[in-house]
Amino acid sequence: MSLRTLLGASILLRITLLFYGLYQDSTSPLKYTDIDYYVFTDASRYLLTNSNNASISTPYSRETYRYTPLLAWLLLPTALNPQFLFFSFGKIIFSAADVLAGWLIHLILTNGGMDRRTAGLFAGIWLVNPMVATISTRGSSEGLLGVLVVGIVWAVLRRRVVLAGVLVGLATHFKIYPVIYAPAIVWWLESEGGGRGEKESKNGWLEKAMGFVNRERVTFGAWALGTFVGLNVWMYKLYADPFLQHTYLHHLSRVDHRHNFSPYNTLLHLTSSPMGHSSTPFASIPFFPQLLLSGLVIPLAFAKHDLPATMFAQTFAFVSFNKVCTSQYFMWYIVLLPFYLPGSVLLRRPWLGGVALVLWVVSQAAWLQQGYELEFLGKSTFVPGLWAASLVFFAVNVWLLGVIVGDIPQRGKSRGKVNKVE
C-alpha cells in the first residue's frame, strides 16, 4: 500500500466514523461522542458567551474542565453553531492531527533507512487503527498530543533542537506527561552526533560535568523551559489561580476511578467517598515510582541506545504506573509503537509477540467485563472482580515493560542487520 493510499484509507475511516457518530448520537441513548468533548465545547461556549464579562469569561467556569485554555480557544468554532460540522469541528481537528502524526511516522521511518512499503506497514499501526480513529472521532484530544510527540521525535532526530525544545514546552503545557522526554533527549544530545558516538573522557568528574554541557543541550533546555514557562505565565495572567488549580494542581489530588484500569482504582473509589479519608496524601504517592521509572531510570539507561524506542518505553511505563489509566491513555504509547517494533523481539519471535498481544487484549477485556457489570447492570464488582482484573492487567503491563526494556539494547543491532539485508 502506497503512502497516498494509506493516508486516503485513514481519512476515509475517520470520515466514516464521524458520520456514524452523528447518526448514533441522534438515534441512540448511548452516545458516540465522548463526555470530555462536551466539556471542551462547553468551555469554548463560556469563552464566547461571556466575552464581555471578564470576571466570568473563563473556560474554568465549566465544571470539570481540567485542561489548558488553548484547547478551549482552539474549539471556539464549536460555539458558533452547535449543529453538524460546527459541533464536529474539534473532532475534525483531532482526526486531522491523527493523520498528520501518521504521515510523520512514515517520514521518520523512511529517513531512518526503511523502505517505503515496510514503513507503510508500521505507520498503518497508527493510521488505520480502529481504536485510534474511534477515540479521536469521539472527541478525545489525544491526537493533538500524538502529533506533538511524533514532531518531537522528528525534530530531535533531525537535530532541530530549537523546534524540539518548543514542541516539548508546548506539549508539556498541553499535558504534563511529555516532560518525561526531556531527560532522554538531553542525554541523547551528545556533542558528536548523538547515540554512543561521543568518546569517553578520561578526565575527572569536573571535566566530565563540564563536557556534558554542550550547545545543543543548552539550546534545547532553554527553548523547552522558555516555551513552557512563557505559556504558563501568559495563561496565569489571563486566568490566575483557576488556571493553576485546574490545569496542574488538580492532578496531585486527583481521585478519578471511573473507567480506570489502574490497580489504584478501588482505593481511589474508597477515598473519593464522603465517608473516606482525605485523598491528597495517597493520591500523590503513586507519582514517585512512576516518575522515577519513566523520567529517570529508563531514559538514563536506554536513551543512547535508541531514543524513539526509549520514549516508547518511558510512555508505556508512565501509563502503566499512573494512578488513572483509561483507554485514551493507550494512545500515548501506541503513537510511538512503530518506532519500537521494527527489529524488536516481538517480531523476531512471533510467538512472543502473539502472546503479548493476546495477554494485553484479554486482560483488558476481563476488566471491561467487570466494568460493564458495574456500570450497566448495577452489580457491585469492586471486590474481588474489578480489583483482581486491575491487578492482572497491571501485571501483564509490567511483564511487557520488562520485555521492552530488555530488548532495546538488542533491537537496534537486529534492525541494523535487517536494514542491510533490505
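Residues numbered from 1 in each chain as written. Predicted model: local features only at pLDDT ≥ 70, side-chain atom pairs only at ≥ 80, totals over all residues. Heavy atoms only, no water.

**Thoughts on the overall build of the chain**
Stated formally: Strands here are runs of E lasting at least two residues and helices are runs of H or I lasting at least four, both read from the DSSP assignment and numbered beginning at the N terminus. The contact criterion used is simple: two residues touch if any of their non-hydrogen atoms lie within 4.5 Å. To be clear on the numbers: accessible area is Shrake-Rupley with a 1.4 Å probe, and residue cover counts the displayed protein chains and nothing else.
Along its length, the chain carries 21 helices and zero strands. Put simply, 74% of the contacts in the chain that link residues at least 6 apart link residues at least 24 apart. Approximately 20100 Å² of the chain is accessible, and the part contributed by carbon and sulfur atoms is 68%.

**Description of the environment of Tyr37**
Cut-off, in case you're wondering: Nitrogen and oxygen atoms within 3.5 Å of one another constitute a polar contact, given that in protein one can donate a hydrogen and the other can accept it, and given that sequence-neighbouring residues count only through two side-chain atoms.
Structurally, the position occupied by Tyr37 is in helix H2 (residues 35–49). Separated by 102 residues in sequence, Tyr37 and Gly139 have C-alpha atoms that sit 4.9 Å apart. If we skip the residues at most four places from it in the chain, Tyr37 touches Leu75, Thr78, Phe87, Ser88, Phe89, Gly90, Lys91, Phe94, Arg138 and Gly139. Polar side-chain contacts of Tyr37 include one of 3.0 Å to the backbone nitrogen of Gly90.

**Some points on the packing of aromatic side chains**
Given two aromatic rings, one states the distance between the centres and the angle between the planes to describe the pair. Put simply, the test is: Pairing of aromatic side chains here covers Phe, Tyr and the six-membered ring of Trp, requires ring centres within 6.5 Å, and sorts the geometry by plane angle: under 30 degrees stacked, over 60 edge-to-face, intermediate tilted. The rule is short: NZ of Lys or CZ of Arg within 6 Å of the ring centre and within 35 degrees of the ring normal puts a charge over the ring.
Tallying each qualifying case throughout the model produces 28 aromatic pairs. Its end group placed over the ring of Tyr37, Lys91 keeps NZ or CZ at 5.4 Å from the ring centre. The ring of Trp187 has Lys304 sitting right over it, with the charged end atom 3.7 Å from the ring centre.

**Some thoughts on the pattern of salt bridges**
Close approach of charged atoms lets side chains of opposite charge pair. Put simply, the rule is: A pairing counts as a salt bridge when a side-chain nitrogen of Lys or Arg comes within 4 Å of a carboxyl oxygen of Asp or Glu.
This structure, assessed with the given rule, holds nine salt bridges. Salt bridges sharing partners connect three or more residues here, namely Asp42, Arg45 and Arg62.

**With respect to the nonpolar core**
Filter applied, for reference: Joining through side-chain atoms within 4.5 Å is the link that ties buried Ala, Val, Leu, Ile, Met, Phe, Trp, Tyr and Cys residues into a set, and such a set is a nonpolar core. Here's how the labels work: a residue is buried when its accessible area is under 20% of the maximum for its type, exposed when over 50%, partly exposed in between, all with a 1.4 Å probe on protein chains only.
One finds Tyr65, Ile185, Phe330 and Leu336 to be the most contacted residues of the largest nonpolar core, which totals 108 residues. Non-local contacts of Leu336, meaning those with residues more than four positions away in its chain, are made with Val149, Val153, Tyr181, Met311, Phe312 and Thr315.

**Thoughts on the confidence of the model for the chain**
How we decide: Every residue gets a pLDDT, meaning the predictor's confidence in that residue, from 0 to 100.
Averaged over all residues, the pLDDT of the chain is 85; the fraction at 70 or higher stands at 84%. Across the chain, helix H9 (residues 161–174) holds the top mean pLDDT of 97, while helix H14 (residues 280–284) sits lowest at 55. Low pLDDT, under 50, characterises residues 192–201; the predicted model gives this stretch 15 contacts beyond four residues in sequence or across chains.

**Quick word on unusual backbone geometry**
The phi dihedral of Thr64 is positive, around 75°, even though this residue is not glycine. By secondary structure assignment, the location of Thr64 is in the loop between H2 and helix H3 (69–74). Take Thr64: its relative accessible area is 39%, and that puts it in the partly exposed class. With phi around 60°, Arg159 is a residue other than glycine that occupies positive phi space. One can find Arg159 in the loop between helix H8 (142–157) and H9. By relative accessible area, which is 23% here, Arg159 ends up partly exposed.

**Concerning helix H7 (residues 130–137)**
Among all positions of H7, only Val132, Ala133, Ile135, Ser136 and Thr137 are buried. Among the residues of H7, the N-terminal cap falls to Asn129, whose side-chain oxygen and the backbone nitrogen of Met131 are separated by 2.9 Å. One or two residues past the end of H7 sits Gly139, with phi positive at roughly 110°.

**Remarks on the environment of Pro299**
Tracing the sequence through the fold places Pro299 in helix H15 (residues 287–302). A relative accessible area of 0% means that Pro299 is categorised as buried. Between the C-alpha atom of Pro299 and that of Trp187, which follows or precedes it by 112 residues, the distance is 7.6 Å. What Pro299 contacts, discounting residues up to four positions off in sequence, is Pro183, Ala184, Trp187, Leu293, Ser294, Thr310 and Gln314.

**Some details on the packing of H15 against helix H16 (residues 307–321)**
The condition is simple: All axes are obtained by fitting lines to C-alpha atoms, using only the stretch in contact for helices, and the reported angles, taken between N-to-C directions, cover 0 to 180 degrees. Just so you know how the angles are binned, under 35 degrees is roughly parallel, over 145 roughly antiparallel, 65 to 115 roughly perpendicular, and the rest oblique. Crossing handedness is defined as follows: a turn of the near helix away from the far one that is anticlockwise and smaller than a right angle gives a left-handed crossing, while the clockwise case is right-handed. Amino acids are sorted into nonpolar (Ala, Val, Leu, Ile, Met, Phe, Trp, Tyr, Cys and Pro), charged (Asp, Glu, Lys and Arg) and polar (every other residue, Gly among them).
Put simply, H15 and H16 touch, their axes get as near as 9 Å, and they point 165° apart. Put simply, H15 runs roughly antiparallel to H16. The interaxial crossing formed by H15 with H16 has right-handed handedness. Contacts between H15 and H16 pair Gln290, Leu291, Leu293, Ser294, Gly295, Ile298, Pro299 and Phe302 from the former with Thr310, Ala313, Gln314, Ala317, Phe318 and Phe321 from the latter. By residue class, the composition of the contact of H15 with H16 is nine nonpolar, five polar and no charged.

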